[in-house]
Amino acid sequence: MGGKTWMRGIGRYPFLYLLALPGVLFVFLFSYVPMYGILIAFKEFNIRKGVLGSPWVGFSNFEFFFTTDKLLLVLRNTVFLNLLFIAATTCCAVLLALLLNEIRVKWFKRTAQSLIFLPYFMSWVVIGMLVQSFLGGMHPTVDGWLESLGIAPLNWYYEAHLWPWILTLIRVWQGAGYMSIIFLAAVTSFPDEIYEAARIDGASRFQMMRRITVPLLVPTISILTILAIGKIFNGDFAMIYAIVGDNSMLYPTTDVIDTYVFRSMRVLNDFGMAAAVGLFQSVMGFIFVVAVNALVKRYSQDSALF
Amino acid sequence: MIATKSDRMMTAFSWGFITLFAAFCLIPFLLMVSGSLTDEQILINEGYSLLPKGLNFEAYRILLQSGALLRSYGITLFITATGTVLGLLVSASLAYSIANRRNRLRHAISFYVYFTMLFNGGMVPFYILISNWLKLSDTLAALILPLAVQPFLVFLMVSFFRTVPEELEEAGRIDGAGEVRIFVQLVLPISKPILATVGLFYALIYWNDWFMGILFLSEENKFPLQMILRRMVSNLEAAKNLIPSGAGIALQAPTYQIRMATTLVTIGPIVLLYPVLQRYFVKGLTIGSVKG
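What you are looking at is a predicted structure, and each value in this text was computed from that prediction instead of being measured. (Residues numbered from 1 in each chain as written. Chains lettered and ligands numbered in written order. Predicted model: local features only at pLDDT ≥ 70, side-chain atom pairs only at ≥ 80, totals over all residues.)

As for the overall build of chain B
At step 1: Secondary structure assignment for chain B yields 15 helices and zero strands.
At step 2: For 292 residues, the compact-globule estimate of 2.2 N^0.38 gives 19 Å, and chain B exceeds it by more than 25% at 24 Å.
At step 3: Reported as C-alpha extents along the three principal axes, the dimensions of chain B are approximately 75 × 70 × 35 Å.
At step 4: Counting over 292 residues, chain B shows a buried share of 40%.
At step 5: Sequence separation of 24 or more characterises 72% of the internal contacts of chain B that already satisfy a separation of 6 or more. (Helix = DSSP H or I, 4+ residues; strand = E, 2+ residues; numbered from the N terminus. Rg over C-alpha atoms; globule rule 2.2 N^0.38 Å. Buried ≥ 20, exposed ≤ 12 C-beta atoms within 10 Å, placed from the backbone. Contact = placed C-beta atoms within 7 Å.)

Following this line, the structure appears as structure tokens:
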């Protein structure tokens, strides 16, 4: 298409382009302008001197991060936690969808769905408050339950090794119901004829679930999993910071790239290093998403993101 | 049809597992409600329980008189209302433009928006943009403007606008309607369901957001609800900030009780609106999963 043709297009429908303008400007200001700020990663940033005025320092902002064991730690935590979240949430969501599909009593099904979907609407701060209320304090509520089961109480906020599992449980509480609705929507779209034929052949409900529903659901599961893996370098800042906060006892297992960047910036005021780590993450994330998308495309054209 | 033994077991297992999981989802909320009604001394000694012991409404009595809580409620309402209207206006216009075949730049604009979902400048440049270049620190604009265009929601609307039959616009054009009238009087009225869905998404994003607050707000009198809660999580004593001076607290401020009551008050509107929210969210999910 020549430049002239689209110029004439704008002339004919100016309103269409005017409509896009505010949105385009918003995206430019809040998403593209910060990309220019990436330069900070290569500078010894000084707020008074600004981005352009600060002296160039090459890759020295990256050096600190790459030469200490910090990189390995936060990278490992980010990936490990995300893998745990993906595995646990997906398994629970699939199981919930399969079992909800077995329930024929309408009111029970609807009530159960409402209840398991509700946590998704809570902010991470609210969840953080609940976690702290039930695991913290002088006599943690959960400890009371453990004692009645004959298990010794724990000082939760000192036991870093337990937190990946606690966070996973919280994640399942918050997200499995939401995800199960996506799977349930897929399950209800499967053709009745297959089930009818299986019933005539004398298949039990469990056999139908295992031999028909699960195999048919595999593409949806794979796509959602692959897409989630595309975002594996993005630590969930909102979740982890709301729950763990500045509790340094738990950093060894819960500090992810995003919380590390936040701290470097707000606590250490090391803008250059924080920007460098952020850039490293953005680049890794970008490469991963594009690679994963290529993979999805080969597998199923329709499910690719772009 | 005769239910076999295996089928009956399947049904029983389904009911059992779903009931357990639903209870798992519900229990924290029950503990919260009950905690907000339990006497402070009991909370300190025994922790939270499913049913309130020593029922009292002290926390709510204090919160009702708390100017600080009322102000932050107002701030959250203002941010949510303004943000939702702004986000909906800007996103719907952008989406309509991208979805329209007469727009010759639609692929370019679409990619321009999409790219921001793949790559971003990161937290540091964003922080410097808002606080140093735009000088929006400690303003509510910093909590509203950056969230106004959510690419995911824009594309949700694009996929809806694509389903609007072209004949509708054609008919309008034949009747002599301009592009503005076609959009405002023909397309928008039939788009109510998607506008409602996306509007609720925006409302939820603004109501629940605290990340912008933690980055850009330091003055406590500008804190929205989530920030008040956030402060209470990081500092147990912060609950006392909500107690008005004339509230007549005898010995000990009911800190634990206030924390739960404030949490409940914060999620209140979401729970009240939940039946509507749920319906539209499921709808949005199904549209979105067709192809975002």
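Section: the overall build of chain A
At step 1: What chain A contains, in helices and strands, is 15 helices and zero strands.
At step 2: Taking the principal axes of the C-alpha coordinates as reference, chain A spans close to 75 × 70 × 35 Å.
At step 3: When each of the 306 residues of chain A is scored for burial, the buried share is 38%.

Details of the nonpolar core
At step 1: Ile 243 of chain A together with Met 157 of chain B are the most contacted members of the largest nonpolar core, which totals 147 residues.
At step 2: Tallying contributions element by element places helix α5 (residues 70-102) of chain A first for this core, with twelve residues.
At step 3: The residues touching Met 157 of chain B, leaving out its near neighbours within four places in the chain, are Ser 91, Ala 92, Ala 95, Ile 194 and Val 198 of chain B. (Core = buried A, V, L, I, M, F, W, Y, C linked by C-beta atoms within 7 Å.)

Things to note about the interface of chain A and chain B
At step 1: Chain A puts 75 residues into the contact, and the matching count from chain B is 81 residues.
At step 2: Top contributing element to the side of chain A that touches chain B by residue count: helix α2 (residues 14-36) of chain A, with 15 residues.
At step 3: Residue classes in the side of chain A that touches chain B are distributed as 53 nonpolar, 19 polar and three charged. (Nonpolar A, V, L, I, M, F, W, Y, C, P; charged D, E, K, R; others polar.)

Looking at unusual backbone geometry
Residues and elements named next belong to chain B.
At step 1: The phi dihedral of Lys 135 falls on the positive side, at around 55°, and the residue is not glycine.
At step 2: Residue placement: Lys 135 occurs in the loop between α6 (123-133) and α7 (141-144).
At step 3: Note on Lys 135: 10 C-beta atoms within 10 Å, which makes it exposed.
At step 4: Not every positive phi belongs to a glycine, and Asp 138 is a case in point at roughly 60°.
At step 5: With respect to the secondary-structure elements, Asp 138 resides in the loop between α6 and α7.
At step 6: Exposure remark for Asp 138: the 13 C-beta atoms within 10 Å place this residue in the partly exposed category.

As for the domain arrangement of chain B
Residues and elements named next belong to chain B.
At step 1: Domain assignment breaks chain B into domain 1 (1-56) and domain 2 (66-290).
At step 2: Between the C-alpha centres of domain 1 and domain 2 there is a distance of 32 Å.
At step 3: With eight residues of domain 1 at the contact, the number on the domain 2 side is eight residues.
At step 4: Counting only elements with at least two residues in the side of domain 1 that touches domain 2, the list comes to α1 (5-36) and α2 (40-46). (Domains from an automatic or database assignment.)

So, the confidence of the model for chain B
Parts of the prediction with low pLDDT should not have their coordinates interpreted in detail.
At step 1: The predicted model of chain B averages 88 in pLDDT, with 93% of residues at 70 or higher.
At step 2: For this predicted complex, the interface confidence score (ipTM) comes to 0.90, while the overall pTM stands at 0.90. (pLDDT = per-residue confidence, 0-100.)

A closer look at the domain arrangement of chain A
Size of an interface: often given as the accessible area lost when the parts come together.
Residue and element names in this part refer to chain A.
At step 1: In terms of domain boundaries, chain A breaks down into domain 1 (3-53) and domain 2 (68-303).
At step 2: Look at where the C-alpha atoms of domain 1 and domain 2 centre, and you get two points 34 Å apart.
At step 3: For the side of domain 1 that touches domain 2, the residue count by class is four nonpolar, no polar and two charged.

Focus: the packing of helix α6 (residues 106-117) of chain A against α1 of chain B
At step 1: Two elements in contact, α6 of chain A and α1 of chain B, have axes separated by 8 Å at closest approach and are oriented at 40°. With respect to their mutual orientation, α6 of chain A and α1 of chain B come out oblique. Read as a crossing pair, α6 of chain A and α1 of chain B show a hand that is left-handed. Here Ala 112, Leu 115 and Ile 116 of chain A of α6 of chain A come into contact with α1 of chain B, specifically with Ile 18, Phe 21, Ala 22, Cys 25 and Leu 26 of chain B.
At step 2: In terms of residue class, the contact of α6 of chain A with α1 of chain B is built from eight nonpolar, no polar and no charged. (Axes fitted to C-alpha atoms, helices over the stretch in contact; angles between N-to-C directions. Parallel < 35°, antiparallel > 145°, perpendicular 65-115°, else oblique. Left-handed = near helix turned anticlockwise from the far one by under 90°.)

Quick word on the environment of Val 27 of chain A
At step 1: Here Val 27 of chain A shows up in helix α2.
At step 2: Owing to 22 C-beta atoms within 10 Å, Val 27 of chain A belongs among the buried residues under this scheme.
At step 3: Residues within four places of Val 27 of chain A in sequence aside, it is in contact with Tyr 32 of chain A together with Tyr 112, Val 113, Thr 116 and Val 149 of chain B.

Notes on the environment of His 161 of chain A
At step 1: As for its position among the elements, His 161 of chain A is in the loop between α8 (141-148) and α9 (163-188).
At step 2: Separated by 89 residues in sequence, His 161 of chain A and Leu 250 of chain A place their C-alpha atoms 8.2 Å apart.

Things to note about the packing of helix α4 (residues 67-99) of chain B against helix α11 (residues 192-208) of chain B
Residue and element names in this part refer to chain B.
At step 1: Remark: α4 packs on α11, axes separated minimally by 8 Å, with the N-to-C direction vectors making an angle of 140°. Taken together, the axis directions place α4 and α11 in an arrangement best described as oblique. The hand of the α4/α11 crossing is right-handed. Between α4 and α11, the residues in contact are Thr 76, Ile 79, Thr 80, Gly 83, Thr 84, Gly 87, Leu 88, Ser 91 and Ala 92 and Leu 195, Val 198, Gly 199, Tyr 202, Ala 203, Tyr 206 and Trp 207, respectively.
At step 2: Looking at side-chain class alone, the contact of α4 with α11 contains nine nonpolar, seven polar and no charged residues.

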